Amino acid sequence: MIRVAAVGDIHLGPGSAGTLRPAFEKLHEQADLLLLAGDLTRHGTAEEGEVVAGEVAGLGVPVVAVLGNHDYQSDQEAEVTAALDRAGVTVLEGEGTVLNIGGVHVGVAGTKGFGGGFAGRSGGEFGEPEMKDFIRYTRRCADGLRDSLAMLREANCAVRIALTHYSPVPDTLAGEPLEIYPFLGSYLLAEAIDEGGADLAVHGHAHMGTEHGMTSDGVRVRNVAQPVIGRAFAVYHLPVHASAAVGDGVRTGADTVGAH
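From a predicted model like this one, the values you see are computed outputs, not experimental measurements.

(A) Highlighting the layout of surface pockets. Of the volumes computed, that of the largest pocket is approximately 190 Å³. In this structure, the largest pocket is lined by 14 residues; those nearest its centre are Tyr187, Ala190, Glu191, Asp194 and Ser216. Ranked by residue count, the leading element in the lining of the largest pocket is helix 5 (residues 187-196), at five residues.

This is the structure in structure tokens:
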């Protein structure tokens with residue numbers, strides 16, 4: 001059983017130091033890894049990045065993150081990433097990482113993602129250059145996620161997780177105004193998750209959304225924006241099939257996801 005802790009949209013600033021640390025220090029008792037689903041800062045400054053780094057450093061479990069739109073606000077996303085890196089956090093953008101958790105290879109593929117909307121109500125690469133660039137950027141993010149998941153499959157990861165900031169499905173946006181759905185996610189991310197293959201997809205961004213969703217191919221999607229989950233982090237259990245030996249190079253996957 002792999003226990004995945006996840007949270008997004010913690011929006012830490014200069015006065016936030018120590019607010020999440022007490023909960024995070026006990027995380028290792030409940031989870032095997034921590035995923036951070038973007039919008040870790042308020043305005044994306046280097047100073048705020050250091051605050052986030054201080055909250056998650058030395059937790060005793062691997063920490064993997066993607067950035068969110070707030071983390072890009074001040075054009076200091078490289079500095080925010082560097083602060084997290086110094087704290088031992090793996091920050092992904094169109095990349096994947098493989099973690100060895102008790103002999104089980106757990107792969108995480110990550111991208112911030114972007115908007116564009118969902119099937120039947122989405123933008124396309126047509127018209128003004130600005131509109132084409134908008135959708136092309138989303139497509140590049142999705143392509144990176146798809147390729148990273150495929151590489152994790154080739155690496156025989158027993159569990160694979162897709163980590164994004166923007167949502168891959170409209171299910172987890174329920175509660176948000178319909179008018180802003182195109183700015184909260186894109187169906188291209190869901191296509192990438194289904195084609196690349198994942199056992200769980202985790203995102204944030206939609207503060208007024210819903211926790212539970214699913215892609216068309218049945219991949220479970222969880223919105224872990226802190227205003228949605230209402231706590232420091234949520235924990236999801238990914239069972240490893242008993243019929244496959246752990247660490248033998250056989251993909252064992254997960255057939256259920258439980259939340260606690």
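Moving on from the coordinates now.
(B) Quick look at the pattern of salt bridges. Taken as a whole and judged by the stated rule, the model has seven salt bridges. With a closest N to O distance of 3.2 Å, Arg136 and Glu125 form a salt bridge. Of this pair, Arg136 sits in helix 4 (residues 129-154) while Glu125 sits in the loop between strand 8 (121-122) and helix 4, and the two are 11 residues apart along the sequence. Overall, Arg136 belongs to the partly exposed group, its relative accessible area being 38%. Arg146 is paired through a salt bridge with Asp143; the nearest N and O atoms lie 2.7 Å apart. Here the residue Arg146 and the residue Asp143 both occupy positions in helix 4, the gap between them amounting to three residues, near one helical turn. In this structure Asp143 comes out as partly exposed when scored by relative accessible area, which is 31%. In the salt-bridge network here, residues are joined through shared partners; they are Glu125, Arg136 and Arg139.

(C) Molecular detail of the packing of helix 2 (residues 46-56) against helix 3 (residues 77-86). Where helix 2 contacts helix 3, the two axes come as close as 8 Å, and the packing angle between them is 25°. The orientation of helix 2 relative to helix 3 falls into the category roughly parallel. In the packing of helix 2 onto helix 3, the handedness of the crossing is right-handed. Side by side, helix 2 and helix 3 meet where Ala46, Gly49, Glu50, Val52 and Ala53 of the first sit next to Glu79, Val80, Ala83, Leu84 and Arg86 of the second. Here the contact of helix 2 with helix 3 is composed, by residue class, of six nonpolar, one polar and three charged.

(D) Examining the sheet that holds strand 10 (residues 200-203) more closely. The six strands lie next to each other as 5-6-9-10-12-11, forming an open sheet whose pairing is mixed. The open sheet has two edge strands, strand 5 (95-101) and strand 11 (212-214), and neither has a second partner. On average, adjacent strands in this sheet sit at an angle of 25° to one another, irrespective of strand direction. Where strand 11 lies against strand 12 (residues 220-223), three bridges are found, and the strand directions are antiparallel. Bridge pairing in strand 12 places Met214 opposite Arg220. Those strands touched by helix 4 are strand 5, strand 6 (104-111) and strand 9 (159-164), and its axis lies near 170° from that of strand 6.

(E) Just helix 3, in detail. Considered for burial, the residues of helix 3 that qualify are Val80, Ala83 and Leu84. For helix 3, the buried positions fall inside an angular range of 95° around the axis, keeping them on one side. Within helix 3, the exposed residues directed more than 90 degrees away from the buried face are Ala78, Asp85 and Arg86. Where helix 3 is buried, its residues meet helix 2 and strand 4 (90-91). Count one or two residues on from helix 3 and you reach Gly88, which has phi positive near 90°.

(F) Molecular detail of the packing of helix 4 against helix 5. Relative orientation of the contacting elements helix 4 and helix 5 amounts to 15°, with a least axis distance of 8 Å. In this view, helix 4 runs roughly parallel relative to helix 5, as classed from their interaxial angle. The two elements helix 4 and helix 5 cross, and the hand of that crossing is right-handed. The segment helix 4 lies against helix 5, with Thr138, Arg139, Ala142, Leu145, Arg146, Leu149, Ala150 and Arg153 engaging Leu188, Leu189, Glu191, Ala192, Ile193, Glu195 and Gly196. A breakdown of the residues in the contact of helix 4 with helix 5 according to their chemical character gives eight nonpolar, two polar and five charged.

What counts and what doesn't
- Residues numbered from 1 in each chain as written.
- Predicted model: local features only at pLDDT ≥ 70, side-chain atom pairs only at ≥ 80, totals over all residues.
- Heavy atoms only, no water.
- 1 Å grid on protein atoms, 1.4 Å probe; cavity = no way out; pocket = protein on both sides within 12 Å on 5 of 7 lines; lining within 4 Å.
- Points joined across faces, edges and corners; volume = space filled by probe spheres on them.
- Helix = DSSP H or I, 4+ residues; strand = E, 2+ residues; numbered from the N terminus.
- Salt bridge = Lys/Arg side-chain N within 4 Å of Asp/Glu carboxyl O.
- Buried < 20%, exposed > 50% of the residue type's maximum accessible area, 1.4 Å probe, protein only.
- Axes fitted to C-alpha atoms, helices over the stretch in contact; angles between N-to-C directions.
- Parallel < 35°, antiparallel > 145°, perpendicular 65-115°, else oblique.
- Left-handed = near helix turned anticlockwise from the far one by under 90°.
- Contact = heavy atoms within 4.5 Å.
- Nonpolar A, V, L, I, M, F, W, Y, C, P; charged D, E, K, R; others polar.
- Pairing = 2+ DSSP bridges.
- Arc of directions from axis to C-beta.

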